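Now for the letters of each chain:
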Amino acid sequence: MRASVIQIAVDEGESVESRRWRVASLVREQAGADLVVLPELWTTGAFAYEEFGREAEPLDGPTYEAMAKAASDAGVWLHAGSIPERDPEGPLYNTSLVFSPSGDLAAAYRKIHRFGFDKGEAVLMGAGAELVTVRLPGTVLGLSTCYDLRFPELFRSLVDAGAETLVVSAGWPERRRSHWTLLAQARAVENQSFVVACGTAGTHAGVPQAGHSIVVDPWGEVLAEAGADEEVLTVEFDPGKVATTREQFPALKDRLLGLEPPRRP
Ligand SMILES: NC(=O)CCC(=O)C(=O)O
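Residues numbered from 1 in each chain as written. Predicted model: local features only at pLDDT ≥ 70, side-chain atom pairs only at ≥ 80, totals over all residues. Heavy atoms only, no water.

**Here's the deal with the overall build of the chain**
Keep this limit in mind: The secondary structure listing takes helices from DSSP runs of H or I that are at least 4 residues long and strands from runs of E that are at least 2 residues long, numbered from the N terminus. Our radius of gyration is a C-alpha quantity, and the globule rule it is checked against amounts to 2.2 Å times the number of residues to the power 0.38. When a residue's accessible area, from a 1.4 Å probe over protein chains only, is under 20% of the maximum for its type it is buried; when over 50% it is exposed; and in between it is partly exposed. Here, two residues are considered to be in contact whenever any of their heavy atoms come within 4.5 Å of each other. Only the protein chains shown count as cover for residues, with accessible areas throughout obtained via the Shrake-Rupley method and a probe of 1.4 Å. Neither His nor the chain ends is counted toward charge; the positive residues are Lys and Arg and the negative residues Asp and Glu. Note on charges: their place is set at NZ of Lys, CZ of Arg, CG of Asp or CD of Glu.
Of regular secondary structure, the chain possesses seven helices and 14 strands. For the chain, the C-alpha radius of gyration of 18 Å lies close to 18 Å, the compact-globule estimate for 265 residues. By principal-axis analysis of the C-alpha atoms, the chain measures approximately 55 × 50 × 35 Å. The proportion of buried residues among the 265 residues of the chain is 55%. Contacts spanning at least 24 positions in sequence make up 67% of the contacts within the chain whose residues lie at least 6 apart. Carbon and sulfur atoms form 52% of the exposed surface of the chain, whose accessible area is close to 11,700 Å². Put simply, the chain has 25 plus and 38 minus side-chain charges, and the middle of one group is 6 Å from the middle of the other.

**Details of the site of the ligand**
Worth spelling out the cut-off: Being near a molecule or strand, for a residue, comes down to having at least one heavy atom within 4 Å of it. Each polar contact in these results corresponds to two N or O atoms within 3.5 Å; when the atoms are within protein, one needs to be able to donate a hydrogen and the other to accept it, and residues that are neighboring in sequence are counted only if both atoms are side-chain atoms. Amino acids are sorted into nonpolar (Ala, Val, Leu, Ile, Met, Phe, Trp, Tyr, Cys and Pro), charged (Asp, Glu, Lys and Arg) and polar (every other residue, Gly among them).
Close to the ligand lie Glu 40, Ala 46, Phe 47, Lys 111, Phe 115, Cys 146, Tyr 147, Arg 150, Gly 171, Trp 172, Pro 173 and Arg 176, which account for all nearby residues. The contact in question runs from an oxygen atom of the ligand to an N or O atom on the side chain of Arg 150, over 2.7 Å. If the ligand stood free it would expose 300 Å²; the protein chains cover 99% of that surface. Class assignment for the residues of the shell around the ligand results in seven nonpolar, one polar and four charged.

**Focus: unusual backbone geometry**
With a phi close to 45°, Cys 146 is a non-glycine residue in the positive phi region. For Cys 146, the location among the structural elements is in the loop between strand E7 (139-145) and helix H5 (152-160). Exposure remark for Cys 146: the relative accessible area of 7% places this residue in the buried category. Despite not being glycine, Gln 192 has its phi angle at roughly 45°, a positive value.

**Details of the packing of aromatic side chains**
Rules: Aromatic pairs are defined between Phe, Tyr and Trp rings, using the six-membered ring for Trp, whenever the two ring centres lie within 6.5 Å; interplanar angles under 30 degrees are classed as stacked, those over 60 as edge-to-face, and all others as tilted.
Within this structure, the stated rule accounts for eleven aromatic pairs. Where Phe 47 meets Tyr 49, the ring centres are 6.3 Å apart and the plane angle is 55°; that geometry is what we call tilted. Geometrically, the ring pair formed by Tyr 147 and Phe 151 is edge-to-face, given 5.1 Å between the ring centres and 85° between the ring planes. By relative accessible area, Tyr 147 is classed as buried at 12%. One aromatic cluster is present, formed by Phe 47, Tyr 49, Phe 52, Phe 115, Phe 117, Tyr 147 and Phe 151 through successive ring pairs.

**A look at the pattern of salt bridges**
Basically, it comes down to this: In the sections that follow, a salt bridge refers to a side-chain nitrogen of Lys or Arg positioned within 4 Å of a carboxyl oxygen of Asp or Glu.
In this structure the tally under the stated criterion is 16 salt bridges. The closest approach of N and O atoms between Glu 174 and Arg 177, which form a salt bridge, is 3.4 Å. Assessed through its relative accessible area of 29%, Arg 177 is described here as partly exposed. Overlapping salt bridges bring together Glu 14, Arg 19, Arg 22 and Glu 230 as one network.

**Considerations on the environment of Arg 263**
Mapped onto the fold, Arg 263 is located in the segment after helix H7 (241-248). For Arg 263, a relative accessible area of 81% translates into the label exposed. Expressed as a C-alpha distance, the spacing of Arg 263 and Ser 4, which sit 259 residues apart in the sequence, is 50 Å.

**Observations concerning the environment of Pro 152**
Note on placement: Pro 152 falls in helix H5. Accessibility expressed as a relative area gives 31% for Pro 152, which makes it partly exposed. In this structure, the C-alpha to C-alpha distance between Pro 152 and Gly 61, residues 91 residues apart in sequence, is 32 Å. Those residues within four positions of Pro 152 in sequence are excluded, and the remaining contacts are Arg 187 and Glu 190.

**Digging into the sheet that holds strand E3 (residues 77-86)**
Test applied: The pairing criterion for strands is at least two bridges between them, as found by DSSP. Axis angles are defined between N-to-C directions and span 0 to 180 degrees, where every axis is a line fitted to C-alpha atoms and, for a helix, only to the segment in contact.
Pairing in this open sheet of six strands is mixed, and the strands run E5-E4-E3-E2-E1-E14 from one edge to the other. A strand with exactly one partner marks an edge of an open sheet, and here the two such strands are strand E5 (105-110) and strand E14 (231-236). The mean angle between the axes of side-by-side strands here comes to 25°, regardless of whether they run parallel or antiparallel. In this sheet, E3 lies alongside strand E2 (residues 35-37) in parallel orientation, the contact comprising three bridges. From the neighbouring strand, Val 37 faces E3, where its bridge partner is His 79.

**Some remarks on the sheet that holds strand E8 (residues 165-169)**
With mixed pairing, six strands are arranged side by side in an open sheet as E6-E7-E8-E9-E12-E13. Because the sheet does not close on itself, it has two edges, and the strands there are strand E6 (133-136) and strand E13 (222-225). Strand-to-strand, the axes of this sheet are offset by a mean angle of 15°, without reference to chain direction. Of the strand pairs in this sheet, E8 and strand E9 (residues 194-198) are connected by five bridges, and their pairing is parallel. Bridge pairing in E9 places Val 167 opposite Val 196. Contacts from helix H6 (residues 177-191) reach E8, E9, strand E12 (214-216) and E13 within the one sheet, and its direction differs from that of E12 by about 25°.

Take a look at the structure:
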């Protein structure tokens, strides 16, 4: 499997329209890859809270159209990162879109864990409630977005649903870069899965982004890691390594489910 992880720089000097156009042509340049992955909320920037409402679009809005076309022009599976989705009957959602090589929507995932505690995304957007996996030739993707990375139970549930390649589309800040790398490796090791994690570069809303998109194998080895700037990270991996790792070191079979809580004295 050949994957291209497009670590886009999100800076305020570029309009959303120009960035959309630029990203579509970067996706087209990845013809020959099996899977292309984009970051979280790359139209606005994940921390540009004031832009969420202004730039929100329906699921099938301009980003959907541009990315569906780019996926079919390149003939790739495209995880198109996420958009601020305007649901006509509900709140905004942070929604990731996955397109097949013919440009059809294969999946949409609404971010479950919203970042910001009592402000920002956590109050501006609704929470998704559904796990999403996508079957590709050779592997099953499990979808997640940024802050989700801190919640191991989500990833374990994705594995229980058949996921073998855990995709994390993110806008992770430089301030907590060490957590990003550590958590990406932890999710790979504990779930004996590939992790393909795509972040953003640049600075938006005064928040410098970590970059350092990373691809980790089911043994926890880092197969590829980007630097801090805009970059297309390309990597080849053998999806069969998930099955061999799970067979040769069958730790997932030793899970103890349904443990009793401690008794109060
Ligand atoms: N956009 C996000 O979810 C940011 C997450 C983050 O900064 C963190 O978990 O730390």
